[in-house]
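Coordinate inspection notes
Below are the chains, spelled out letter by letter.
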Amino acid sequence: VQEQLPLDVRRRKDSAAKEEIARRAAELVSDGETVFLDASSTALHLLPYLLKKKELTLVTNSHRVVDQARESKARVFCTGGELSRRNFAFVGRDAERAVAAFHPDTVFFSSQGVSEDGDITDSSQEETNLRQAAIASGGRKIFLCDSGKVGKSYLFRLCRVADIDAVVSDGEFPAALLAEKGEKNG
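Rules and cut-offs
- Residues numbered from 1 in each chain as written.
- Predicted model: local features only at pLDDT ≥ 70, side-chain atom pairs only at ≥ 80, totals over all residues.
- Heavy atoms only, no water.
- Salt bridge = Lys/Arg side-chain N within 4 Å of Asp/Glu carboxyl O.
- Helix = DSSP H or I, 4+ residues; strand = E, 2+ residues; numbered from the N terminus.
- Buried < 20%, exposed > 50% of the residue type's maximum accessible area, 1.4 Å probe, protein only.
- Pairing = 2+ DSSP bridges.
- Contact = heavy atoms within 4.5 Å.
- Axes fitted to C-alpha atoms, helices over the stretch in contact; angles between N-to-C directions.

Once that is clear, we can look at the pattern of salt bridges. Under the defined criterion, the tally for this structure stands at 12 salt bridges. Between aspartate 38 and arginine 131 there is a salt bridge whose closest N-O contact spans 2.8 Å. Pair noted here: aspartate 38 is in the loop between strand S1 (34-37) and helix H3 (41-50) and arginine 131 is in helix H6 (residues 125-137), with a separation of 93 residues, a long-range link. This pair shows no difference in class: aspartate 38 is buried, exactly as arginine 131 is. Across the pair aspartate 119 and arginine 157 runs a salt bridge whose closest N-O atoms are separated by 2.8 Å. On the criterion of sequence distance, the pair formed by aspartate 119 in strand S8 (residues 119-122) and arginine 157 in strand S10 (residues 156-160) is long-range, its members being 38 residues apart.

Turning to the sheet that holds strand S7 (residues 113-114), a few remarks are in order. Read across the sheet, 3 strands follow the order S7-S8-S10 without closing on themselves; strand pairing throughout is antiparallel. On the outer flanks of this sheet lie S7 and S10, each paired with one strand and no other. In this sheet, S10 lies alongside S8 in antiparallel orientation, the contact comprising 4 bridges. Counted as the bridge partner of isoleucine 120 is cysteine 159 from S10. This element, H6, spans S8 and S10 of the sheet and lies at about 25° to S10.

Moving on, we get to the sheet that holds strand S3 (residues 75-78). Taken together, the 6 strands give an open sheet; going across it, the order is S3-S2-S1-S6-S9-S11, and neighbouring strands pair in parallel fashion. Each having just a single partner strand, S3 and strand S11 (166-169) make up the two edges of the open sheet. Pairs of neighbouring strands in the sheet enclose a mean axial angle of 20°, with direction left out of account. Note: S1 against strand S2 (residues 57-60), 4 bridges, orientation parallel.

It is worth spelling out the environment of alanine 26 at this point. Tracing the backbone through its elements, the reader meets alanine 26 in helix H2 (residues 15-26). It is 9.0 Å that separates the C-alpha atoms of alanine 26 and lysine 53, two residues lying 27 residues apart in sequence. Those residues in contact with alanine 26, other than ones at most four positions away along the chain, are Leu46, Tyr49, Leu50 and Lys53.

And the structure:
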């Protein structure tokens, strides 16, 4: 079951799809932006592309992102909070408060699934809460979704596809969900 897989295993799973998503997502970021990256395995694929940007500022709850960005020229802020050893994510109320103090230009996030009716869901309540805080405080909200997550639903609802600005996927994302997004977001 995917929700029980450690971050290192998830990072290797569907690696080619995540690499394609990362490459396409990085094209949406300009030099000088402030970007939030969650602790997802897809965000780790995105990081090397982002670190090529000039005057980048990163905000993250990912220990791995902080570690991999330490020798870059990017300005890096970590939320702190309680470290989840399963996925090297900082979570909890302290992390949520820290995220709420920032206003990143772009919020990149992933989850474990997106249902056929448009709910973006995850099995981790702590990570869902953290991502909700990031989405609430950020500018553009961009969902990173490999095609294997489509049609899957988990216990905790993060948001709806209609609530975000863009979806970056490796395959065909359900047109009906994108149409609903367009109708509600103009």
